[in-house]
Structures are given as C-alpha cells and as structure tokens.
Amino acid sequence: MHGLGGHHYDTWRSSTAQKLWNADETFWPLWLANENPGLDIYVVSYSAPVSRFSGMAMHLTDQASNIVERLLAEPALAHGPLIFIGHSLGGLMVKQLLRSADSKAQNDIRADALIKRVEKVAFLGTPHAGSDLASWGDRLRIMVRPSAATASLVRNDPNLRDLNSWYREWANARGVAHLILAEAKPTVIFGMIVPPDSADPGLANARVVPIDTDHRGICKPIDRTKDIYVLLRDFILRPIQRPKPVADAVVEKMLAILDARGESARAAEAGVERRAIFELARRLKPDEALDLDQAVLELTAAVGIAVHARKKGEHGSNLGDLVDTVLARIAAKTGAGDIDGAAEEADEGFTEWEHAEAERRATSIRSGIALLEAGLGQDILRRDAVAAAARVARIAALEKPDDASARFAAIRERMLTFYERGHQKGINFDLLIAIEIARLGLVAAQDARQRGMTQNDLGVALQALGERESGNIRLEEAVAACRAALTERTRERGPLDWAMTQNNLGNALSRLGERESGTTRLKEAVAAYRAALTERTRERGPLDWAETQNNLGGALLALGQRESGTTRLEEAVAAFRTALLEYTRERVPLQYPA
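Rules behind the numbers
Residues numbered from 1 in each chain as written. Predicted model: local features only at pLDDT ≥ 70, side-chain atom pairs only at ≥ 80, totals over all residues. Heavy atoms only, no water. Helix = DSSP H or I, 4+ residues; strand = E, 2+ residues; numbered from the N terminus. Buried < 20%, exposed > 50% of the residue type's maximum accessible area, 1.4 Å probe, protein only. Contact = heavy atoms within 4.5 Å. Areas by Shrake-Rupley, 256 points an atom, 1.4 Å probe, with all protein chains shown as cover. Axes fitted to C-alpha atoms, helices over the stretch in contact; angles between N-to-C directions. Parallel < 35°, antiparallel > 145°, perpendicular 65-115°, else oblique. Left-handed = near helix turned anticlockwise from the far one by under 90°. Nonpolar A, V, L, I, M, F, W, Y, C, P; charged D, E, K, R; others polar. Pairing = 2+ DSSP bridges. Phe/Tyr/Trp six-rings, centres within 6.5 Å; stacked < 30°, edge-to-face > 60°. Lys NZ or Arg CZ within 6 Å of the ring centre and 35° of its normal. Core = buried A, V, L, I, M, F, W, Y, C linked by side-chain atoms within 4.5 Å. Expected span 1.5 Å × (residues − 1). pLDDT = per-residue confidence, 0-100.

Topic: the overall build of the chain
Helix and strand content of the chain: 25 helices and 4 strands. A buried classification covers 44% of the 594 residues belonging to the chain. Counting only contacts in the chain whose residues sit at least 6 apart along the sequence, the fraction spanning at least 24 positions is 66%. In the form shown here, the chain has an accessible surface area of approximately 30500 Å², with 53% of it arising from carbon and sulfur atoms.

As structure tokens, this is what we get:
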C-alpha cells in the first residue's frame, strides 16, 4: 500500500520513464513475482493527495473500511497466508484496515478468516506517531488546504496513538512477524519526514532497521542488491517459526514447586487464581533456554508482580477516580489470568488519561489566553504599546509552545491585524502596537526569510505612522527597516519579495524626500522604484507593476518640481501613462484619476 501522494505503480519503482508496469525493469514487485512463481502480489490503489488542491480523499478510518470490503470481495485473496507491505501512510492504512477487519470479524466469517491468515507486516517509513510534514501542512492549512489523508498524519495525534496501541496488542497476541525499515536521510526540502521515534511502533521482537536513504527512496530500491529489496525478499520468503508454549506437564511441575513453597497459597490470598499462575507459566518461552530452577525463579517473580497488581487495584492510588478504576480492572483481569486483557485495560486507561489531560491542558491554556487578552485590552486603554506587544508574544507562546515557526506566524498575524486596523481606520495607536509587535517578531524569527519579512512589515508600519506625524523620525526608521530587510530579502533568494521591499523603500524615501529640502531622498526613491520594476514586470503581476509605475511617477513629479528643466516631469508623465495601461477605471475605480 502506497503512502501520502503515492501511486500504486510509481511508488514502487525508481524509474520515471513512461512504461507499463510489466515492462518496467525498476518495478520491484515484478522482481519478486518473477523470482518466486508461487507468490501472488497485489498493489492497492486509493486516493491520498497531500492537498485538496490535488484532489479529495477519505479519512484514514473510512478509507481503510473501503479497502477491507474490496479485499473481502476479491476471490483470489480468500485463501492462503497474507503479507502486508505499507509505505508511509500505507503502513497506517494496513493497521487501520486490520482493526476494521477485526471489528467486522465478530459478524462476518470472511473478515475473521482474513485476519487469521495475516502472518507478516512490513512497514517502510511509516509514521506511527505522525509526521512533521503533516504538522507543517496543518500549520499552513490556509495555503495548502491539507487533505483528509494529510490530516490523519499530524504529529502526536491521539488517534494515531490509539491505533498504534491497539495494533501492538493485536499483533503481539497473534505472533505476527514484522519488518520495520526507517529512513536515515532527510529530504532536500522538508527534512526528515518520519523521525526515528515515529518509525518505531514498539512491537515485541521487532527492531527498526535504518536504511541509508530518504522517505521517498525507502520504497524504491534501484536494483536487486540494495538493502531495501534484499531485506524485503528475505522477510517475505523466510518461514515463520512460532514459539510453542511450555508443555502442560512442565507447567504442572513448576506449580507443584510453588505449592510446596507456599507461593500459590499466598497468591490465592491476594486474589491471583491458580489459572492465572498456570497462564504465567505457559508464557515462559522455550527459546529462553531456561532450566527448571531458573523457570521456577522467573515464574515466582511473575507471580509477585501479579500479586502487586491485585493489591494496587484493591487499595487504590490516591491519584483520582480514573487511575483507581483502571487499576481495579487490571487487578481483576490479572487475578483471572487474562494477562493480555489486563494490558489492554492499561493501554485504554492511559489513552483515556491522555484525552483528559489534553482537555485539561487546553482549558488551562484557554484560561491563560483569556487573561492575557484582558490584559492586552488594558494595555491599549493605558496607551502602553510595548506592554501590549509583549502580551501578544506571550499569547503566541501559549498557543504554540513547541513550534517556533507557528509561534512566529501567530505573532505576525496579530501584527498585521493591528496594522490593517490602524491603516484603514486611522487609529495611530494601533499602528504603534503593530510596530512594537514587529520588533518582537524579529526576536522570534528563525531564518533569513522570516527576518526579511518582519523587517519589511516593520518598515511599512513605520512609514504609515510616519506619514501622520509631523516629524521625520518614523520615516527615517522606515527607510532603515526596509534597507535591513533587503540584506535578508535578496534578489537571489526571492526576486518578487525583494522587489516588494524595494517598492516599500521607495515609498518611505519618497515621503521623506517630500518633507526634506534637496533632491537626494527623491533620487534614491526613483532608484528604488526602478530596481523594483526589474522584477515587478507587467507579465508577472500587472497591478503590482502598475502600482510601482504610479509610485515612480509621483517621485519623478516631486523631483521635477525641484529641478530645472523638464526631463523629470516628462519621465513622470510617461510613468503615469504606463501605469494607466493596467490602472483602468474598471479594474481600480477608487484609484483611477477623477
């Protein structure tokens, strides 16, 4: 099963050539089929786009239920052992479809037969605890509109933890064999898609094998000698050797020794039934190579743990009703010998605690934010822009405690809100708050892109406020901020962002030049606008191009009024006429000259 954004054919081949699957020498499932004629291989196709811009997809649980029905309807899959291989999201899909089939098995003999025939599962770069890529997509949900498939993969999602907890118990109880491969290299753009901790589902007798490739390459062996293919082939073809339980005669001998020592009687007094001790003895694996004395020692220790579990369940913990209730359920099943059931109670109890803790934490955070928002209102009333900005930063820290990029985005969003309100409604104090928030945003910025963006925002806000004040200090600061932005927003890194900041620099210089005597600032403004127009072309963005042409015309007009001759004025006329090619009455009626 392929992963997020994957394909039933392209996911499993290294070539990008347009070939049919049965003629593609890099399609490795075909290698397996040719080398092993008795092996039937099926690839599952399902919709899993990264973004809703690329198509629609069902959520993980719905998609898995759909695939289960399709598998049950396939006659060729009604017999014989089954091996599942999943890449990325495909691994989660395998776990979820097995869970769906297990639930369906209570009333459907076909589903019951299917899950009983599952012998092996291979996970290739599967994010059992979620993926940072999906979290990134969730943070940028307005831009990328993550699909339901992407939303299923958010890092530390409680649903994924619950699914993995269920799968561990299900697979361990049935002795399902596993191969777990994890990428050891980051991708060029997104870094490490599935970190090592997320690639490990925590299964018994299964270790994660690191592979020297990235997330995309972990399912695309280049040839038959690569680790990926060699390990998969060996895993698929290797016979399963299931450990046999300890023979009943040996168990009875161990129990007789415990009876003689009084251990069985003490266990019974604590509520641990004889059948529980019998079950504990049977769980001693033959491959542990224990002699009778060592086996009795191991069993005695296990009985002691069972007795302790019983006592904890009876006496409680003073840690709340949830813990005491779960401990009591664990104690009851342990005493009756239902060890797997007791472990499931522990897992379910922890999941319930996680949900309760998440709700408590969310409520606590909402309370803290409410108090900070109230304080922000008071800061505005007492006209303290610095304090207001500091509260905004603290609100962002509460909202996004573990994600610096999301925290930066939250701070910038609040800055833009204050700027827009101040700019559009004429509220100077809102502009002042926006300026102070932008200054704090520089501290929160993580890289050149964020620093350049924030310096540009700061310059725009300073210019807007400077235009309303009589002095030139704000405008001079705006010029300095825009120039600082250009050291980060270089033309090479982002030509259009660079051009935008050049335009903003021109605006600040033009306003400053109009207030000062001389022509230096106005000439600098003209140079900035002309620089912007080298990237702000009519083809790339007609209205942005027209805006800068109009700004250039204004700077040339002011310059021409101070210089002798008509050259600058003629250039101003040409710039205005050029702007009007896109600044038509129909497109921008409010900006069109009366």
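Describing the packing of helix α20 (residues 448-468) against helix α22 (residues 495-515)
At their nearest, the axes of α20 and α22 sit 10 Å apart, and the two run at 25° to each other. Relative to α22, the element α20 is oriented roughly parallel. Crossing of α20 against α22: the hand is left-handed. Two secondary-structure elements touch here, α20 through N456, V460, Q463, G466, E467 and R468 and α22 through M500, T501, N504, N507, A508, R511 and R515. Taken together, the residues of the contact of α20 with α22 break down into 3 nonpolar, 6 polar and 4 charged.

Considering the sheet that holds strand β2 (residues 118-124)
The 4 strands lie next to each other as β1-β2-β3-β4, forming an open sheet whose pairing is parallel. Of all the strands in the sheet, just β1 (82-87) and β4 (208-211) have a single pairing partner and so form its edges. In this sheet, adjacent strand axes meet at a mean angle of 15° when their direction is disregarded. The pairing of β1 with β2 spans 6 bridges and is classified as parallel. When the sheet's bridge partners are listed, H87 is paired in β2 with L124.

Some thoughts on unusual backbone geometry
Although it is not a glycine, S88 adopts a positive phi angle of roughly 60°. Following the sequence through the fold, S88 ends up in the loop between β1 and α3 (89-104).

Concerning the packing of aromatic side chains
Scanning the model with the defined rule gives 9 aromatic pairs in all. The aromatic ring of Y9 is capped on one face by R13, whose charged end is 4.3 Å from the ring centroid. In this structure, K120 packs its charged tip against the face of F235, placed 5.4 Å from the ring centre.

Regarding the nonpolar core
Residues M415, F418, Y419, I433, I437, L505 and L552 are the most contacted members of the largest nonpolar core, which totals 58 residues. Beyond its immediate chain neighbours, meaning those up to four positions away, I433 contacts I380, A385, A388 and F418. Judged by nonpolar contacts, the second largest core, of 36 residues, contains Y46, V94, L98 and W166.

Concerning helix α2 (residues 60-72)
End to end, α2 covers 18 Å across 13 residues, agreeing with the expected 18 Å (1.5 Å per residue, within 8%). Elements in contact with the buried residues of α2: β1, α3, α4 (109-116) and α8 (158-174).

Considering the packing of helix α21 (residues 473-488) against α22
At a minimum axis distance of 9 Å, the contact between α21 and α22 shows a crossing angle of 160°. It follows from the interaxial angle that α21 and α22 lie roughly antiparallel. Of the two elements, α21 crosses α22, and the hand of that crossing is left-handed. On α22, the residues that touch L475, E476, A478, V479, C482, R483, A485 and L486 of α21 are W498, T501, Q502, N504, L505, A508, L509, R511, L512 and R515. Residues of the contact of α21 with α22, tallied by class, amount to 11 nonpolar, 3 polar and 4 charged.

Section: the pairing of β2
The side chains of a regular strand alternate, first on one face of the sheet and then on the other. Most of β2 sits out of view: 6 of its 7 residues are buried. Bridge count for β2 against strand β3 (residues 177-183) is 5 bridges, and the pairing is parallel. Opposite A122, over in β3, you have L179 as the bridge partner.

A look at the confidence of the model for the chain
A residue-level look at the chain finds 90% of positions with pLDDT of 70 or above and a mean pLDDT of 86. Low pLDDT (under 50) marks residues 50-56, which in the prediction has 20 contacts with non-local residues, meaning those over four places away or in another chain. Here residues 133-152 is a poorly scored stretch, pLDDT under 50, and it has 47 contacts once near neighbours within four places are set aside; other chains count.

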